[in-house]
Amino acid sequence: MPSTIWVKVVGFSGVERHSINTLFRLSVRQTPSYSLWTQDAPAPPHVSLIDLDCHQAEVEMASPTFNPNHKVIAIGGKPHSQAAYSFQRPVDWNVIVRVLDGLFVSHVSLDADTVHHELGETTVPPGMRATLLVGMKPEERLYLRARLALAGLTDVDEADTAERAGPYVSGRHYDVVIISLQLGDVDPWSLVQAFNGMLSAPQAVIVATEKPSWLVMEHADQSGCIGMLEIPFNPPQVSGMLQKV
């Protein structure tokens, strides 16, 4: 298995391209990593991510040079017979990450309960655990969603502030909650205490911080957290933490 998986990207909006590029940048921390394929790449693309709603997709897949055995992940309003996986918009990028890992990482398995071959069918089986991410930068939450997906935690909600987390918490139970200690609108430790004090408390509360220290680790332990994550994230630390939940 090559250490770099080259992904050819066809179509997509500027916002979607930004999400794709962020996924690629974050993947440099793992093996294999994913990189945008260009004509200058040292190898042909291993997989294509194709926007079926754009004209370029029709040209790409109708080309006589298109290899019918080439792996294709398609996004768009209708399925394509040559696509290994097809999804509708809005794109759930953590599922796309898991699909890529399922294709190229031997220890990741994709089953019918997680990703369906039919267009856009992603299901949440009964009993699937829900996760809430509170705070952190968008790219940090994106990275955590990818790692959570690898751990089988694909039902993830995000809130960039404690205030915006309120409606989520009032509407459902969360099994895993990850809270940034850099929250600006409330004392993050009070939020940790609130979650751990619920009648139906999360199975795991984790704090993430840009300023890790032994004092913070002790405070997390005394507050009932299962651990602390350092930012920037350390992949082995994240994987080890998620094995506890």
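Residues numbered from 1 in each chain as written. Predicted model: local features only at pLDDT ≥ 70, side-chain atom pairs only at ≥ 80, totals over all residues. Heavy atoms only, no water.

Q: So, the overall build of the protein: which residues are in play, and what are the values?
A: Helix and strand counts for the protein come out as 8 helices and 10 strands. Out of the 245 residues belonging to the protein, those deemed buried represent 49%. Partitioning the contacts of the protein with sequence separation of at least 6, the portion at a separation of at least 24 is 62%. For the protein, the accessible area works out to roughly 12300 Å², and carbon and sulfur atoms hold 52% of it. (Helix = DSSP H or I, 4+ residues; strand = E, 2+ residues; numbered from the N terminus. Buried < 20%, exposed > 50% of the residue type's maximum accessible area, 1.4 Å probe, protein only. Contact = heavy atoms within 4.5 Å. Areas by Shrake-Rupley, 256 points an atom, 1.4 Å probe, with all protein chains shown as cover.)

Q: Just give me the short version of the pairing of strand 6 (residues 130–134), but keep the residues and values in it.
A: Counted residue by residue, strand 6 has 5 buried out of 5 residues, so it is predominantly covered. On strand 6, burial covers both faces: Ala130, Leu132 and Val134 on one face and Thr131 and Leu133 on the other are all buried. Note: strand 6 against strand 7 (residues 155–159), 5 bridges, orientation parallel. When the bridges of strand 7 are listed, Leu132 appears paired with Asp157. For the crossover that starts at strand 6, traverses helix 4 (residues 138–150) and ends in the parallel strand 7, the hand is right-handed. (Pairing = 2+ DSSP bridges. Right-handed = clockwise from strand over helix to strand, strands pointing away.)

Q: So what's going on with the sheet that holds strand 1 (residues 4–10)? Which residues, and what values?
A: The strand order 2-1-3-4-5 describes an open sheet built from 5 strands, whose pairing is parallel. Either end of the sheet is taken by a strand with one partner, and the two such strands are strand 2 (33–36) and strand 5 (85–87). Averaged over all neighbouring strand pairs, the angle between strand axes comes to 25 degrees, with direction disregarded. (Axes fitted to C-alpha atoms, helices over the stretch in contact; angles between N-to-C directions.)

Q: Report on empty space enclosed by the protein, specifying residues and quantitative values.
A: Scanning the entire structure with this criterion turns up 2 cavities of 30 Å³ or more. A volume near 140 Å³ is recorded for the largest cavity. What lines the largest cavity is a set of 14 residues, and nearest its centre among them are Leu23, Ser27, Gln30, Val97 and Ala146. Among the secondary structure elements, those contributing two or more residues to the lining of the largest cavity are helix 1 (14–26), helix 3 (93–104) and helix 4. No other element matches the 5 residues that helix 4 contributes to the lining of the largest cavity. For the lining of the largest cavity, a count of residues per class yields 10 nonpolar, 2 polar and 2 charged. (1 Å grid on protein atoms, 1.4 Å probe; cavity = no way out; pocket = protein on both sides within 12 Å on 5 of 7 lines; lining within 4 Å. Points joined across faces, edges and corners; volume = space filled by probe spheres on them. Nonpolar A, V, L, I, M, F, W, Y, C, P; charged D, E, K, R; others polar.)

Q: Help me get a handle on the packing of aromatic side chains, residues and values and all.
A: In total, this model carries 1 aromatic pair according to the counting rule given. Both rings, one in Tyr143 and one in Phe233, keep their centres 5.6 Å apart while their planes meet at 15 degrees; by these two values the pair is stacked. Of this pair, Tyr143 sits in helix 4 while Phe233 sits in the loop between strand 10 (227–230) and helix 8 (235–242), and the two are 90 residues apart along the sequence. In terms of burial, Tyr143 and Phe233 fall into one category: buried. (Phe/Tyr/Trp six-rings, centres within 6.5 Å; stacked < 30°, edge-to-face > 60°.)

Q: Please give an account of the side chain of Asp175 that cites residues and values.
A: Inspection of the secondary structure assignment puts Asp175 in the loop between helix 5 (162–171) and strand 8 (176–180). Within the buried core, Asp175 has no salt-bridge partner, and the shortest N-O distance to an opposite charge, that of Arg129, equals 5.9 Å. (Lys, Arg positive; Asp, Glu negative; His and termini not counted. Salt bridge = Lys/Arg side-chain N within 4 Å of Asp/Glu carboxyl O.)

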